[in-house]
Amino acid sequence: MKTLTIRKPDDFHLHLRQGERMGDYARETARSFARALVMPNTLPPVTDPAGMEAYKKAIETEAPGLEALMAFKLLPDMPAGIVPEMKKAGAVIGKLYPAGATTNAEDGISSYRQIPDVLEAMEAEGMVLSIHGEHPEKPVLEREISYLTELEQIIRDYPKLPIVLEHLSCRESLRFLEQTPDHVRGTVTTHHLLFTLDDLMGGSLNPHLFCKPVVKKEEDRRALVDAVCSGHPRLFYGSDSAPHLKESKESGSCGAGAFTSPVALPLLAELFEQEDALDRLEDFVSRKGADFYGLPLNKESLTLVKEPWTVPDLIGGAVPLLAGETLSWKISS
Ligand code: NCD
Ligand code: ZN
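These figures come from a predicted structure and were not determined experimentally. (Residues numbered from 1 in each chain as written. Chains lettered and ligands numbered in written order. Predicted model: local features only at pLDDT ≥ 70, side-chain atom pairs only at ≥ 80, totals over all residues. Heavy atoms only, no water.)

A.B. asks: How should I be thinking about the coordination of the zinc ion (ligand 2) in this particular structure?
C.D. replies: The expected angle between donors at a tetrahedral four-coordinate metal is 109.5 degrees. At an octahedral six-coordinate metal it is 90 or 180 degrees. Protein-derived ligands of the zinc ion (ligand 2) are His13 (NE2), His15 (NE2) and Asp240 (OD), with the metal-ligand distances lying across 2.0 Å. Its four donor atoms give the zinc ion (ligand 2) angles of 93 to 137° at the centre, a pattern that matches the irregular case. For the zinc ion (ligand 2), all donor residues lie on one chain, and their spacing in sequence is H-x1-H-x224-D. In terms of burial, His13 and His15 fall into one category: buried. (Donors = N, O, S within 2.8 Å, 3.2 Å for Na, K, Ca; no water. Tetrahedral: all angles 85-135°; square planar, octahedral: opposite > 155°, others 65-115°. Buried < 20%, exposed > 50% of the residue type's maximum accessible area, 1.4 Å probe, protein only.)

Quick look at the structure:
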């Protein structure tokens, strides 16, 4: 049977929520990933050192073997003094959500000009600014493109601030990344590499693929695949796996977020194999992100086998992407 063994991956963009289901999601991640950068858009959000440390401890207690890398959420009225404190407490990023751009982002930032002192402090501390790059007031397919103008201004105003544009979804963002300094990087998800608007709503509506930014056109997907599979030096993996309870996804007001952790590595292996780029997978999922964040490479390995398996219907009350479907690559337990 064909197998693939790689250095155990890192997920540099993950939602684990909190409360009783968090352990299920964290353990699912631990099967494929050694470390995960856990997003702070919980309810309440992660905004202070004690809360962040407690969240890290809770995750690592629930999922032995998974190292939680921590993040804090930028709020409009946040004092700049919090930045060195968060850094000391181990925060890897400060996350900027434009207000209203996505799930649990109502309390986000309306313009980067709202938080000059915080951004200055982050630049001084060398702390990474991670951005959900969408302007929610724009039409849905133009939100990311529109944000690139603001991003350009952030880069100009804070020339030493390391920045990650999260979950790239369109060609324009790739082109943008060609013109930015080396300390500006991007993450790419599994779903933006594999699906388009037609998968989301070309036939019957698939709420489990509804996420922000929304998956886009085939030309965008193709450009992302070409960039990632050719070993683009500025792109690394972040799943943006975002579980929501089944009842809430399959309802009249479906929240944004695709639960992809259980299928991420099997789907990536299949894609990279099809693109004749299996030898590039490890760099994308296990090396480039760690290098950017200055983290040592993981020592453990992950083996995938080419053996069909069926994606479970439910994990921790949430429906994984492609539930009930058969995938060709499987994580070896
Ligand atoms: C994420 C979530 O559910 O927390 N949703 C999503 O559609 N990606 C938030 C986010 O990263 O946008
Ligand atoms: Zn996210």
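A.B. asks: Is there a simple way to explain the side chain of Ser32 in this structure?
C.D. replies: Mapped onto the elements, Ser32 comes out in helix α1 (residues 22-32). Since its relative accessible area comes to 1%, Ser32 is described here as buried. Beyond its immediate sequence surroundings of up to four residues, Ser32 is in contact with Lys8, Pro9, Ser261, Leu265, Leu302 and Ile331. (Helix = DSSP H or I, 4+ residues; strand = E, 2+ residues; numbered from the N terminus. Contact = heavy atoms within 4.5 Å.)

A.B. asks: For this particular structure, what's the right way to read the site of ligand 1?
C.D. replies: Close to ligand 1 lie 15 residues, the nearest being Arg17, Asn41, Thr102, Lys212 and Asp240. Between Lys212 and ligand 1, the recorded distance is 2.7 Å, taken from a backbone N or O atom to an oxygen atom. Contact with the protein chains covers 100% of the free accessible surface of ligand 1, which is 320 Å². Residues belonging to the shell around ligand 1 are distributed by class as follows: three nonpolar, nine polar and three charged. (Near = heavy atom within 4 Å. Polar contact = N/O pair within 3.5 Å; in protein donor to acceptor, adjacent residues only side chain to side chain. Areas by Shrake-Rupley, 256 points an atom, 1.4 Å probe, with all protein chains shown as cover. Nonpolar A, V, L, I, M, F, W, Y, C, P; charged D, E, K, R; others polar.)

A.B. asks: Explain the packing of aromatic side chains to me, please; I cannot follow it from the model alone.
C.D. replies: This structure, assessed with the given rule, holds nine aromatic pairs. Consider the rings of Tyr25 and Phe259, whose centres lie 5.4 Å apart with planes at 70°: the pair is edge-to-face. Here the residue Tyr25 occupies a position in helix α1, and Phe259 occupies one in the loop between α10 (246-249) and α11 (264-274), the gap between them amounting to 234 residues. For Phe259, a relative accessible area of 3% corresponds to the buried category. (Phe/Tyr/Trp six-rings, centres within 6.5 Å; stacked < 30°, edge-to-face > 60°.)

A.B. asks: Please explain the packing of α1 against helix α2 (residues 49-62) as it appears in this structure.
C.D. replies: Two measures define how a pair of helices packs: the angle their axes make with one another and the distance between the axes. At a minimum axis separation of 8 Å, α1 and α2 run at an interaxial angle of 65°. The angle between α1 and α2 falls in the class roughly perpendicular. Where α1 crosses over α2, the two elements pack in a sense that is right-handed. Residues Met22, Gly23, Ala26 and Arg27 of α1 touch α2, and the partners they reach there are Ala58, Ile59 and Glu62. Counted by class, the contact of α1 with α2 contains four nonpolar, one polar and two charged residues. (Axes fitted to C-alpha atoms, helices over the stretch in contact; angles between N-to-C directions. Parallel < 35°, antiparallel > 145°, perpendicular 65-115°, else oblique. Left-handed = near helix turned anticlockwise from the far one by under 90°.)

A.B. asks: What should I look at first to understand the sheet that holds strand β8 (residues 184-188) in this one?
C.D. replies: Two orientations exist for strands paired in a sheet by backbone hydrogen bonds: parallel and antiparallel. Read across the sheet, eight strands follow the order β2-β3-β4-β5-β6-β7-β8-β9 without closing on themselves; strand pairing throughout is parallel. Where the open sheet ends on each side, the last strands, each with one partner, are β2 (10-14) and β9 (235-237). Between one strand and the next, the sheet's axes are offset by a mean angle of 30°, whatever the strand orientation. One ladder, built from three bridges, connects β8 with β9; its direction is parallel. From the neighbouring strand, Val188 faces β9, where its bridge partner is Tyr237. (Pairing = 2+ DSSP bridges.)

A.B. asks: Is there a simple way to explain the packing of α11 against helix α12 (residues 278-293) in this structure?
C.D. replies: Relative orientation of the contacting elements α11 and α12 amounts to 135°, with a least axis distance of 8 Å. With respect to their mutual orientation, α11 and α12 come out oblique. By crossing handedness, the relation of α11 to α12 is classed as right-handed. Together, Leu268, Ala269, Phe272 and Glu273 of α11 and Leu278, Arg280, Leu281, Phe284 and Val285 of α12 make up the contact between the two elements. For the contact of α11 with α12, the per-class residue count stands at seven nonpolar, no polar and two charged.

A.B. asks: What am I meant to see in helix α6 (residues 171-178) here?
C.D. replies: Every buried residue of α6 is listed here: Ser173, Leu174, Phe176 and Leu177. Taken end-on, α6 shows its buried residues confined to a sector of 160°, consistent with a single buried face. Summarising the contacts, the buried residues of α6 are in contact with α5 (143-157), β7 (163-165), β8, α9 (218-229) and β9. (Arc of directions from axis to C-beta.)

A.B. asks: Can you walk me through the sheet that holds strand β1 (residues 3-7) in this structure?
C.D. replies: Overall, antiparallel pairing links the three strands, which are arranged β1-β10-β11 in an open sheet. With partners counted over all chains shown, the strands left at the sheet margins are β1 and β11 (326-331), one partner each. Strand-to-strand twist across the sheet, computed as the mean angle between neighbouring axes with direction ignored, equals 30°. Sitting on the sheet, α11 is in contact with β1, β10 (301-310) and β11, with an inclination near 105° to β11. Across the sheet, α12 lies against β1 and β11, angled at about 35° from β1, the strand it touches most.

A.B. asks: What is the right way to look at the nonpolar core in this model?
C.D. replies: Ranked by size, the top nonpolar core spans 79 residues in total, and within it Ile59, Leu74, Leu129 and Phe272 carry the most contacts. Looking at which element gives the most residues to this core, the answer is α11, with six residues. If we skip the residues at most four places from it in the chain, Ile59 touches Leu16, Met22, Ala26, Val38, Leu66, Ala68 and Met70. Leu69, Val128, Phe292 and Tyr293 belong to the second largest nonpolar core, which has 14 residues in total. (Core = buried A, V, L, I, M, F, W, Y, C linked by side-chain atoms within 4.5 Å.)

These results come straight from atomic positions and should not be treated as a statement about function.
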